[in-house]
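# Coordinates in review
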Amino acid sequence: QVQLVESGGGLVQAGGSLRLSCAASGRTSTSPMGWFRQAPGKEREFVAAISWNGGRTTYADSVKGRFTISRDNAKNTVYLQMNSLKPEDTAVYYCAARGTLDFGLRPTEEAYDYWGQGTQVTVSS
C-alpha cells in the first residue's frame, strides 16, 4: 500500500512560482508518478509525469516550458516546480503513483493506483 501526501500549495500572484511536493510512504521507486489537477467545474486533467528513475518526463501542452517535474527516490518524493503561473493554473493538484513495477511513462489517470488528497493552488490576476 502506498500513501501520498502533497504539500506546497497556496495563493500566488500571476507570474509567480510555487513548488509542490508529494511524499510517498511505501515503495514508489520502480514506478512512474504523475501530477494531475482539477479546476472548479472541470474534469481532472493530466499535468506532468515522470518515469521511475526520473530519466523521462512528459507534460501537458498547457504547462510545457513553465512546469518541471522531478523526483528524489532516496526521499520517496516527487516535485512539481511551477513558474510563470497563470490564473488558469488555479486548481487542486493531485499526486499519483502507479502500484506495479513499470519502467514506462504514464500520462493518463487510468494508469495510476494511488492518489494523494490534493493541494490547492490559487493564482490571482
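The sections below set out a description of the structure shown in this document.

In this section: the pairing of strand β8 (residues 77-82). Within β8, five of the six residues are buried, leaving the element largely enclosed by the surrounding structure. Sheet topology places strand β3 (residues 18-25) next to β8; six bridges connect them, and they run antiparallel. Paired with Arg-19 across the bridge in β8 is Gln-81. Strand direction decides the pairing type here: strand β7 (residues 67-72) and β8, joined by six bridges, are antiparallel. When the bridges of β8 are listed, Asp-72 appears paired with Thr-77.

Next up on the list: the packing of aromatic side chains. Throughout the structure, instances matching the rule amount to five aromatic pairs. Relative to Phe-46, the ring of Phe-36 lies with its centre 5.7 Å away and its plane at 70 degrees, an arrangement referred to as edge-to-face. Placement of the pair is Phe-36 in strand β4 (residues 33-38) and Phe-46 in strand β5 (residues 45-50), with a sequence separation of ten residues. The buried category is assigned to Phe-36, whose relative accessible area is 1%. Its relative accessible area of 17% is what places Phe-46 among the buried residues. Judged by centre distance (5.6 Å) and plane angle (75 degrees), the rings of Phe-36 and Tyr-112 are edge-to-face. Here the residue Phe-36 occupies a position in strand β4, and Tyr-112 occupies one in the loop between β9 (91-97) and β10 (114-115), the gap between them amounting to 76 residues. Taking relative accessible area as the criterion, Tyr-112 reaches 6% and is therefore assigned buried. Between the NZ or CZ atom of Arg-19 and the centre of the ring of Tyr-79, over which it lies, the distance is 4.0 Å. Across the ring face of Tyr-94, the terminal group of Arg-44 is positioned such that the distance to the ring centre comes to 5.1 Å.

Reading the values: the criteria
Residues numbered from 1 in each chain as written. Predicted model: local features only at pLDDT ≥ 70, side-chain atom pairs only at ≥ 80, totals over all residues. Heavy atoms only, no water. Buried < 20%, exposed > 50% of the residue type's maximum accessible area, 1.4 Å probe, protein only. Helix = DSSP H or I, 4+ residues; strand = E, 2+ residues; numbered from the N terminus. Pairing = 2+ DSSP bridges. Phe/Tyr/Trp six-rings, centres within 6.5 Å; stacked < 30°, edge-to-face > 60°. Lys NZ or Arg CZ within 6 Å of the ring centre and 35° of its normal.

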